[in-house]
Amino acid sequence: MTARTVMFTGPRSVTVERSPIPEPGPNEVLVETAVSAISSGTEGLLYRDEAPTELTADESIDALDGDLSYPIAYGYAAVGHVRSVGADIDSEWLDRRVFAYNPHESHFLATAADLVPVPDNISTSNAALLANMETAVTFLLDGEPLLGERAVVLGQGVVGLLTTGLLARTPLETLVTVDQHQNRRRLAEQLGADRSIAPTDDEPTAALETIMDDRADLTYELTGCPDALDNAISMTSYAGRVIVGSWYGRKPVSLDLGGRFHRDRIDVRASQVSTIAPRHRGRFTRERRHEIAWRRLEQLDLEALLTHRIPVEQASEAYRLLDERPSEAVQVLLTYD
């Protein structure tokens, strides 16, 4: 048996490399992966060569070193079992089911501090959603939805749908989502959105105002499309908040800020999971955020989001599916049987 690693080698070029299975050092464990979740947003940028290559892969994740230039192993949602441990590691880690922020590979070395034990009541497939759920939790911490507010979420990919599921359990007055794909709009309503609508070429606030009788107090831009940010601002009311969870990579963003944006004091905030906002760090640690994410993964019915399970040897087909036929796929899992 050999280890298999998914490599981005060029624009729309993905290969699976084989290498000997590594032996853990004294302070390491060897994890055998069962499934890993593809992040269609970030990994889509890498796949299409739209990520800024000079940017550090992720300073908060030890397994992602270097920059975003090709060739690169990337990913951050692997679930598997500890198969062997180093001399200085407690043997209780053996066979433990764990989550790791690690690229797509069948076997990898990690320290105990790099691993997040998976609760017994969470399935292996749902556990692969931890990173995306953690992102959704961060979006709510940054957006701070209030009693009676109106909220809209643009983009119902996996993170958008998880954000919708969390927002639906807050005391909002109205929750509307927007997505171009019918199956994602259906999933959004199943997760608790009051309405899920398709984007329109007309004035973007018209359909929203018909439902809400006003613009939104809280708007999330999660499409990954730079043009959607203008629409998000347009949909937001006086002194409302726009939470930008999208990462646009090298795609330019052009905004029309000469209209009501300035006079209406619209607050545009960046939200990203690698850090916790300073105003929350005194109360919310990374561990507390994990605990919240695990509880929400248990409470929400997310099976319908897991649309495809594809063997890691066919990784190139998985990325092609997400790139060319996004209406068919929501969350794609790579499997390592």
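Each remark here, short or long, concerns the structure printed above.
Residues numbered from 1 in each chain as written. Predicted model: local features only at pLDDT ≥ 70, side-chain atom pairs only at ≥ 80, totals over all residues. Heavy atoms only, no water.

Before going further, it helps to spend a moment on the packing of aromatic side chains. Any two aromatic rings considered together are summarised by their centre-to-centre distance and by the angle between their planes. This model, assessed by the stated rule, comprises five aromatic pairs. With centroids separated by 6.0 Å and ring planes inclined at 85°, the aromatic side chains of Y74 and Y76 adopt a geometry described as edge-to-face. Of the two residues, Y74 and Y76, neither departs from the other in class, the shared state being buried. Ring pairing ties together the aromatic residues F8, Y47 and Y319, which thus form one cluster. Sitting over the ring of Y101, R286 keeps its end group 4.9 Å from the ring centre. When the ring centre of F284 is taken as reference, the NZ or CZ atom of R288 above it lies at 4.1 Å. (Phe/Tyr/Trp six-rings, centres within 6.5 Å; stacked < 30°, edge-to-face > 60°. Buried < 20%, exposed > 50% of the residue type's maximum accessible area, 1.4 Å probe, protein only. Lys NZ or Arg CZ within 6 Å of the ring centre and 35° of its normal.)

Quick look at the nonpolar core now. In terms of nonpolar packing, the biggest core is built from 72 residues, with F99, M133, Y220, W294 and L302 touching the most fellow members. Both of domain 1 (2-118 + 302-335) and domain 2 (132-279) provide at least three residues apiece to this core. When residues no more than four places from it in sequence are discounted, the contact partners of L302 are N126, L129, M133, L162, L191 and L297. Counting residues in hydrophobic clusters, the runner-up holds 17 residues, among them V178, M212, A232 and M235. (Core = buried A, V, L, I, M, F, W, Y, C linked by side-chain atoms within 4.5 Å. Domains from an automatic or database assignment. Contact = heavy atoms within 4.5 Å.)

What follows deals with the packing of helix α3 (residues 130-143) against helix α4 (residues 158-167). Following both chains from N to C, one finds α3 and α4 inclined at 55°, their axes separated by 9 Å at the closest point. Classified by the angle between their axes, α3 and α4 sit oblique to one another. For the element pair α3 and α4, the recorded crossing hand is right-handed. Judged by residue contacts, N132, M133, T135, A136, V137, F139 and L140 of α3 engage V158, V159, L162, T163, L166 and L167 from α4. Taken together, the residues of the contact of α3 with α4 break down into 10 nonpolar, three polar and no charged. (Axes fitted to C-alpha atoms, helices over the stretch in contact; angles between N-to-C directions. Helix = DSSP H or I, 4+ residues; strand = E, 2+ residues; numbered from the N terminus. Parallel < 35°, antiparallel > 145°, perpendicular 65-115°, else oblique. Left-handed = near helix turned anticlockwise from the far one by under 90°. Nonpolar A, V, L, I, M, F, W, Y, C, P; charged D, E, K, R; others polar.)

A few words on the sheet that holds strand β10 (residues 195-197). Taken in spatial order, the six strands line up as β10-β9-β8-β11-β12-β13 in an open sheet, and their pairing is parallel. With one partner strand each, in any of the chains shown, β10 and β13 (267-270) form the two edges of the open sheet. Taken over all neighbouring pairs, the strand axes of this sheet differ in orientation by 20° on average, direction set aside. Pairing of strand β11 (residues 216-221) with strand β12 (residues 236-244) involves five bridges; the strand directions are parallel. From the neighbouring strand, Y220 faces β12, where its bridge partner is I243. Along the sheet, helix α5 (residues 182-190) makes contact with β9 (174-178) and β10, crossing β10 at roughly 165°. Packing of helix α7 (residues 227-234) onto the sheet brings it into contact with β8 (150-154), β11, β12 and β13, and relative to β12 it is tilted by some 150°. (Pairing = 2+ DSSP bridges.)

Take the pairing of β8 next. Most of β8 sits inside the fold, with five of its five residues counted as buried. The alternating pattern of β8 places R150, V152 and L154 and A151 and V153 on opposite faces, both of which are buried. Note: β8 against β9, five bridges, orientation parallel. In the strand pairing of β9, A151 is matched with L175. Tracing the backbone out of β8, into α4 and back to the parallel element β9 gives a crossover that is right-handed. In this structure, β8 lies alongside β11, joined through four bridges in parallel fashion. When the bridges of β11 are listed, V153 appears paired with Y220. (Right-handed = clockwise from strand over helix to strand, strands pointing away.)

What follows is about unusual backbone geometry. Residues Y70 and P71 are joined by a peptide bond in cis, for which omega reads -10°. With respect to the element layout, P71 can be found in the loop between α1 (42-47) and β4 (78-85). Even without glycine at this site, R12 takes up a positive phi of about 55°. Topologically, R12 is positioned in the loop between β1 (3-10) and β2 (13-19). Using a relative accessible area of 47% as the deciding quantity, one classes R12 as partly exposed. One non-glycine residue with positive phi stands out, namely E144, at about 50°.

Bringing helix α10 (residues 315-324) into the picture now. Every buried residue of α10 is listed here: A315, A318, Y319, L321 and L322. One face of α10 carries all of its buried residues, which in axial projection span an arc of 155°. (Arc of directions from axis to C-beta.)

Fair warning: the whole summary comes from geometry, so function is off the table for now.
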